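Notes for the structure review
Spelled out from the first residue to the last, the chains are:
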Amino acid sequence: MLSQAEQATLNLEQARDLRASGLSYREIARTLALTPSQIGRIRRVLRRAKAAQTRLHSTNPDATDSDLPVTQLALPSGLRQLLKKSGYRTLGDLAERLADRDFPGLETVPGIGPHRTRLVKRLLGDFGLLPGSDDLQAEIEALFPELKDAGADISDITMK
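Let us look at the structure shown here. Keep in mind the model is a prediction, meaning the values are calculated, not measured.

Calculation criteria
- Position numbers for residues start from 1 in each chain and track the written sequence from start to end.
- Note on the predicted model: pLDDT of at least 70 is required for a residue's local features to be given, and 80 or more for side-chain atom pairs to be given and counted; whole-chain, interface and lining totals, by contrast, use all residues.
- Only hydrogens and water are removed before side-chain values are computed, so all heavy atoms of the structure are retained for them.
- Helical segments are the DSSP runs of H or I of at least four residues, strand segments are the runs of E of at least two, and each set is numbered from the N terminus.
- Under the scheme applied here, a residue whose accessible area is under 20% of the maximum for its type counts as buried, over 50% as exposed, and between as partly exposed, the area being computed with a 1.4 Å probe on protein chains only.
- Whether two residues are in contact is decided by their heavy atoms: any pair within 4.5 Å suffices.
- By nonpolar core we mean a set of buried residues, namely Ala, Val, Leu, Ile, Met, Phe, Trp, Tyr and Cys, connected to one another through side-chain atoms within 4.5 Å.
- Given the number of residues in a helix, its expected span is that number minus one, multiplied by 1.5 Å.
- Working definition: rings of Phe, Tyr and Trp (its six-membered ring) pair if their centres are within 6.5 Å, and the pair is stacked with planes under 30 degrees apart, edge-to-face with planes over 60 apart, and tilted otherwise.
- To sit over a ring, a charge needs its Lys NZ or Arg CZ within 6 Å of the ring centre and within 35 degrees of the ring normal.
- Axes here refer to lines fitted to C-alpha atoms; in helices the fit is confined to the stretch in contact. Angles between the N-to-C directions go from 0 to 180 degrees.
- Left-handed describes a crossing in which the near helix is turned anticlockwise from the far one by less than a right angle; the clockwise case is right-handed.
- Classification used: nonpolar for Ala, Val, Leu, Ile, Met, Phe, Trp, Tyr, Cys and Pro, charged for Asp, Glu, Lys and Arg, polar for all others including Gly.
- Salt-bridge detection follows one rule: a side-chain nitrogen of Lys or Arg within 4 Å of a carboxyl oxygen of Asp or Glu.
- Orientation is classified from the angle alone, with under 35 degrees giving roughly parallel, over 145 giving roughly antiparallel, 65 to 115 giving roughly perpendicular, and any other angle giving oblique.

Across its full length, the protein chain carries 8 helices and 0 strands. From first element to last, N terminus to C terminus, the protein chain shows the α and β order α-α-α-α-α-α-α-α. In the protein chain, which comprises 160 residues, the proportion classed as buried is 28%. Long-range contacts, defined as pairs at least 24 residues apart, comprise 45% of the intrachain contacts of the protein chain with a sequence gap of at least 6.

The next thing to look at is the nonpolar core. Of all hydrophobic cores here, the largest spans 22 residues; its most connected members are Leu75, Leu83, Leu94, Leu106 and Val120. Contributions of two or more residues to this core are made by helix H3 (36-59), helix H4 (77-85), helix H5 (91-99) and helix H6 (114-126). With sequence-adjacent residues up to four places away left out, Leu106 is seen in contact with Leu83, Tyr88, Leu94, Leu98, Ile112, Thr117 and Val120. Of all hydrophobic cores here, the second largest spans 13 residues; its members include Leu12, Leu18, Leu32 and Ala74.

Another aspect to go through is H3. For an α-helix, the turn length of 3.6 residues means that residues three or four places apart are oriented alike. With 24 residues, H3 extends 34 Å between its outermost C-alpha atoms, agreeing within 8% with the 34 Å of an ideal straight helix rising 1.5 Å per residue. Along H3, the residues classified as buried are Ile39, Gly40, Ile42, Val45, Leu46, Ala52 and Leu56. Next to the buried residues of H3 lie helix H1 (4-20) and helix H2 (25-32).

All right, on to the packing of aromatic side chains then. Two aromatic rings, taken as a pair, are described by how far apart their centres are and by the angle between their planes. Under the definition given, this model contains 0 aromatic pairs. The aromatic ring of Tyr25 is capped on one face by Arg19, whose charged end is 4.3 Å from the ring centroid.

On to the packing of H1 against H3, then. Their axes nearest at 10 Å, the elements H1 and H3 cross at an angle of 65 degrees. Note on packing geometry: the crossing formed by H1 with H3 is right-handed. Along the contact surface, H1 presents Ala8, Asn11, Leu12, Ala15, Arg16 and Arg19, while H3 presents Gln38, Arg41, Ile42, Val45 and Leu46. Taken together, the residues of the contact of H1 with H3 break down into 6 nonpolar, 2 polar and 3 charged.

A few words on the pattern of salt bridges. Overall, the coordinates contain 3 salt bridges when judged by the stated rule. Where Arg118 meets Glu6, a salt bridge forms, and the shortest distance between an N and an O atom there is 3.3 Å. One end of the pair, Arg118, is in helix H6; the other, Glu6, is in helix H1, with 112 residues separating them in the sequence. Judged by relative accessible area, which is 24%, Glu6 ranks as partly exposed.

Another point: the packing of H1 against H2. Interhelical geometry of H1 versus H2 gives an angle of 135 degrees and a closest axis separation of 10 Å. By the criterion of interaxial angle, the relationship of H1 to H2 is oblique. The handedness of the crossing between H1 and H2 comes out as right-handed. Between H1 and H2, the residues in contact are Asn11, Gln14, Ala15, Leu18 and Arg19 and Tyr25, Ile28, Thr31 and Leu32, respectively. For the contact of H1 with H2, a count of residues per class yields 5 nonpolar, 3 polar and 1 charged.

In structure tokens form, the structure reads like this:
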């Protein structure tokens, strides 16, 4: 059973996908069985996200999604303010910080717990900025340093 906050986040993600496929907000509300206040919140959040991208690209046509300001993201207001106070100016700053292996995680920032961290990671995932390695061998060597020392190719190792 999902909490109300998790359900709202799930509804937002589903609505974002449905909106991208061309459905109207009325059709989205019917499809997801949303109340008028729920669809109103989703409309505001999606409008904020689109307006932020439009502003960014009108001021700098060469800008990427990582240049989006934290204050204009589709995150709750309190979370945006906490991220701004913590020194994160853009979405790229957040992605770089989460990619840093020495960084203990957003949960250690005062006021940001596991739920808010999941919101940030989902947003980064939506933009394709979620830190992660495309190099499977490097990821496994990071977890198992003895494999790195042996010089073995991970593809040669089989499960017995």
